[in-house]
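Given next are the chains, with one letter for each unit.
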Amino acid sequence: MYEFIRGPMAWACFSIFILGMIFQAVRFFVLTKRVQPAGLPLPLRYERKKIELSRASLPSLAAKLRVSVAGVNPLMTFVTVVFHFSIILLPVFLMEHNMLFDVLWGISLCPCVFSESSADFLTGVILACILFFLFRRIFISRVRSISTFYDYFIILLTAVPFVTGFLAVHGFFEYRSLIIMHVMSVNLIMVSLPFAKFVHSIFFFLNRFFIGSEYSLSTGSRSW
Amino acid sequence: MTEAEAKPEAPDRKKILEFLSAHKTKMKLSLNVCAHCGLCAESCFIYMTRGKKPEYMPSHKMINSLGKLYKKNGKVSWETFEEIKEIVWKRCVLCTRCYCPLGIDIPEMIALVRSICRSQNVLPDFDEEG
């Protein structure tokens, strides 16, 4: 079972993840059409020219930031950014994963990998972010009002790979069982990512960079 | 014939499903992609001026109107339609100010629900006091 979960099952789940993401991206471009950007100056829209970080442009940039989500919800924005960067960086630059890649395929990012203490620190940061999201969902009424069991489950599912990985590396409990749980949870996340709530990982970029709106992060060259 | 006599026993499910099918992909994507983060709340001036009550939050409005119609596959009662009417006409003015970090077009979803309501002859009472 151990070899099956680590081997064929992991490969199958990863393939579903890749194909699913491609499907969602293709579907987005099929369902949307190219339009001419409106060309009107919209309040929070980025200019075509580079944003000059000069003294003269600072008040304008500061004003833009103040009315953006970063200005209105700075803590949530900060935690979200830290969390999302960390959940990508940690698995990619983890020494144990790179040793595995080296054994399997002869490739690794060594020596540019996290040290054990750095990996532990980043794991702690990720778990703290997850706890923040969980407490926010429980204690803030407007978030609680639209939360379902599914939302809580997704948050806890996200924590499982990091908790089990940390426990396994540090020799708590039974290593093999922890690794099975670690890989199974990642398999589940990979399979559900293109189709469940995790799909916001790709649609954040597709919607915000391609669909034209007041809050578009680009020129908004497409429309539904 | 009085209004009560003219009104059918239940809403026309077939018509509701026609509307939902016509916007199926975007509607399903919007409801799926919504991370229930609540970051849209402060962008709604109605939410900000009505005591910041959760029911005025854009995502709450979308989930409890369109989400309800979608989950029940159009099989809703007139009471549910009255609740939805309250949401899409009393709690939203379609000012399109609402912000979603994931790019969901909440006003379009509310407008779709308004169209569905109109198709069922569920209309706002503009003469109502308060």
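Since this is a predicted model, take the numbers as computed values, not measurements.

## Observations regarding the packing of helix 1 (residues 2–31) of chain A against helix 9 (residues 175–192) of chain A
Residue and element names in this part refer to chain A.
Point 1. Closest axis-to-axis distance for the helix 1/helix 9 pair is 8 Å, and the angle between their directions is 15°. It follows that helix 1 is roughly parallel to helix 9 by the angle criterion. You can see that helix 1 and helix 9 cross each other, and the crossing is left-handed. Contacts between helix 1 and helix 9 involve Tyr2, Ile5, Arg6, Met9, Ala10, Cys13, Phe14, Ile16 and Phe17 from the first element and Arg176, Ile180, Val183, Met184, Asn187, Met190 and Val191 from the second.

## Description of the nonpolar core
Point 1. Counting 51 residues, the largest nonpolar core has Cys40(B), Ile106(B), Met109(B) and Val113(B) as the members making the most contacts within it.
Point 2. Only helix 1 and helix 10 (200–210) of chain A together with helix 2 (13–22), helix 3 (24–33), helix 5 (58–71), helix 6 (78–90) and helix 7 (106–119) of chain B provide two or more residues apiece to this core.
Point 3. Look past the residues within four positions of Cys40(B) in its chain and what remains in contact with it is Met57(B), Pro58(B), Ser59(B), Cys98(B), Tyr99(B), Cys100(B) and Ile106(B).
Point 4. With nine residues, the next largest nonpolar core counts Leu94(A), Phe114(A), Leu122(A) and Phe162(A) among its residues.

## Remarks on the interface of chain A and chain B
Point 1. The interface is formed by 23 residues belonging to chain A together with 19 residues belonging to chain B.
Point 2. The set of elements that each furnish at least two residues to the side of chain A that touches chain B consists of helix 3 (69–72), helix 7 (141–145) and helix 10 of chain A.

## A few points about helix 4 (residues 74–93) of chain A
Residue and element names in this part refer to chain A.
Point 1. In this model helix 4 runs 28 Å from its N-terminal to its C-terminal C-alpha over 20 residues, within 8% of the 28 Å that 1.5 Å per residue would give.
Point 2. For helix 4, the set of buried residues is Met76, Thr80 and Leu90.
Point 3. Contacts made by the buried residues of helix 4 are with helix 6 (116–139).

## With respect to unusual backbone geometry
All names here are of chain B.
Point 1. One non-glycine residue with positive phi stands out, namely Asn73, at about 55°.
Point 2. Mapped onto the secondary structure, Asn73 falls in the loop between helix 5 and helix 6.
Point 3. Judged by the 11 C-beta atoms lying within 10 Å of it, Asn73 falls in the exposed class.
Point 4. Non-glycine residue Thr96 carries a positive phi angle of around 60°.
Point 5. Tracing the sequence through the fold places Thr96 in the loop between helix 6 and helix 7.

Calculation criteria
- Every chain's residues receive numbers from 1 upward, in the order its sequence appears when written.
- Working convention: letters from A go to chains and numbers from 1 go to ligands, in the order in which they are written.
- Only residues with pLDDT of at least 70 get local features here, since the model is predicted, and only at 80 or more are side-chain atom pairs given and counted; chain-wide, interface and lining totals rely on the full set of residues.
- What counts as an axis is a line fitted to C-alpha atoms, over the stretch in contact for a helix, and the angles between N-to-C directions run from 0 to 180 degrees.
- Each helix corresponds to a stretch of at least 4 residues labelled H or I by DSSP, and each strand to a stretch of at least 2 residues labelled E; elements are numbered beginning at the N terminus.
- Roughly parallel refers to an angle under 35 degrees, roughly antiparallel to one over 145, roughly perpendicular to one between 65 and 115, and oblique to any angle outside these ranges.
- Note: crossing handedness is left-handed where the near helix turns anticlockwise from the far helix by less than a right angle, and right-handed where it turns clockwise.
- A pair of residues counts as a contact when their C-beta atoms, built from backbone coordinates, are within 7 Å of each other.
- For the purposes of this analysis, a nonpolar core is taken to be any set of buried Ala, Val, Leu, Ile, Met, Phe, Trp, Tyr and Cys residues that are connected through C-beta atoms within 7 Å.
- Buried means a residue has 20 or more other C-beta atoms within 10 Å of its own C-beta, exposed means 12 or fewer, and partly exposed covers the counts in between; C-beta atoms are placed from the backbone.
- One less than the number of residues in a helix, times 1.5 Å, gives the span that helix is expected to have.

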